[in-house]
Every structure is written in structure tokens, then in C-alpha cells.
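# Report on the structure
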Amino acid sequence: MSTRGAAARVAQPSTRPAPAPRPRPRVIVSPAPRRWQRLQSHGVRLAWVVIPFIAILLGGVVWVNVARLNVTTQAGRTVEMYDQVQADILKLRASLAQKDGEVVDQAVKRLGMVQAPGSGLTYVTVPPAARVTAGYASRTR
């Protein structure tokens, strides 16, 4: 083959009609992507973010409820202890009053003492000249 023959073939007009140009593919512009679409477009699925977030949130709620239950239980125990101590104090006061009454009864029987009425009591007052104040020695002579 010679180069002239190849040049002659290229220079001859072709008898076939020229193919129609192919249409370009249309580019469809979507509206602004929503948050979950953006997450999916970056390779992160929404479930991988939301499920752990909900789990942490529920775990925090459970933790707060357990802490509140512990505080309530301790407060209940403290109230029970307070009630028990108050009951013990009342028992001791009753026992003391009983013993005090026994002592008064023995004093009345053995010594013949009479208890003074509550309204008939008078108190002895010390005159101001006889009072001893801080820093002064009492008079002994």
C-alpha cells in the first residue's frame, strides 16, 4: 500500500450521511439536600448517629432515676431512725417521770415532806451590793 492511495481515500467525500450528534445527558439539579440526605451523602447513615444518641439519653435518664431512688431510700431510713429515736426518748422520759414519782412518794412516806404548790413559790433575790461580779473575790471576813 502506498501513501497516495490512503490519501486519496481520505480525501474522497463519503457517500454515507453524517451521523446526527448525540444529545448530551441532562443534569438535573436537586433542591438543597436535607440533613439526613447530607448525612447519607457523606457516608454516614442517620441510624448510626441517632441510635447511640437515644441510647445515651435513655441511659442518662435511668442513671438519674437510680440516683433519685437511692436518695429517697436513704431519706426513708433516716426518717425511720428519727422516729425510733423519738420513741426511745419518750420511753426514757416516761421511765424518768415514774422514777421521779417514786422518789417523791418515798420522801412523803419516810420524811413526811409535803410538795409545795406551783403558784405559791417565791424566789429569794440577792441585793445588788452583795452580788459578786467577775474579777472580784467574795468577802469571807
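What you see is a predicted model, and the numbers here were worked out from it, not measured in a lab.

## Looking at the overall build of the protein chain
- Along the protein chain, the regular secondary structure elements total 3 helices and 0 strands.
- Mapped in sequence order, the helices and strands of the protein chain form the string α-α-α.
- Looking at the protein chain as a whole, 0% of its 141 residues qualify as buried.
- Counting only carbon and sulfur atoms, one obtains 62% of the accessible surface of the protein chain, whose full area is about 14700 Å².

## A word on the confidence of the model for the protein chain
- Here the protein chain shows a mean pLDDT of 79. Residues at 70 or above account for 70%.
- The secondary-structure element of the protein chain with the lowest mean pLDDT is helix α1 (residues 3-11), recorded at 57, while helix α3 (residues 46-111) shows the highest, at 92.

## Thoughts on a nonpolar patch on the surface
- Judged by side-chain polarity, Trp48, Val49, Val50, Phe53, Ile54, Leu57 and Leu58 come together as a nonpolar surface patch covering roughly 750 Å² of accessible area.
- Looking at the secondary structure, you find Val49 in helix α3.
- Judged by its relative accessible area of 41%, Val49 is partly exposed.

## What to know about the environment of Met113
- Turning to its location among the elements, Met113 is positioned in the segment after α3.
- Classification of Met113 by relative accessible area gives partly exposed; the value is 49%.
- Excluding residues within four positions of it along the chain, Met113 makes contact with Ala107 and Val108.

Parameters at a glance
Residues numbered from 1 in each chain as written. Predicted model: local features only at pLDDT ≥ 70, side-chain atom pairs only at ≥ 80, totals over all residues. Heavy atoms only, no water. Helix = DSSP H or I, 4+ residues; strand = E, 2+ residues; numbered from the N terminus. Buried < 20%, exposed > 50% of the residue type's maximum accessible area, 1.4 Å probe, protein only. Areas by Shrake-Rupley, 256 points an atom, 1.4 Å probe, with all protein chains shown as cover. pLDDT = per-residue confidence, 0-100. Patch = residues over 30% accessible without salt bridge, like charges linked within 9 Å, V, L, I, M, F, W, Y side chains within 5 Å. Salt bridge = Lys/Arg side-chain N within 4 Å of Asp/Glu carboxyl O. Contact = heavy atoms within 4.5 Å.

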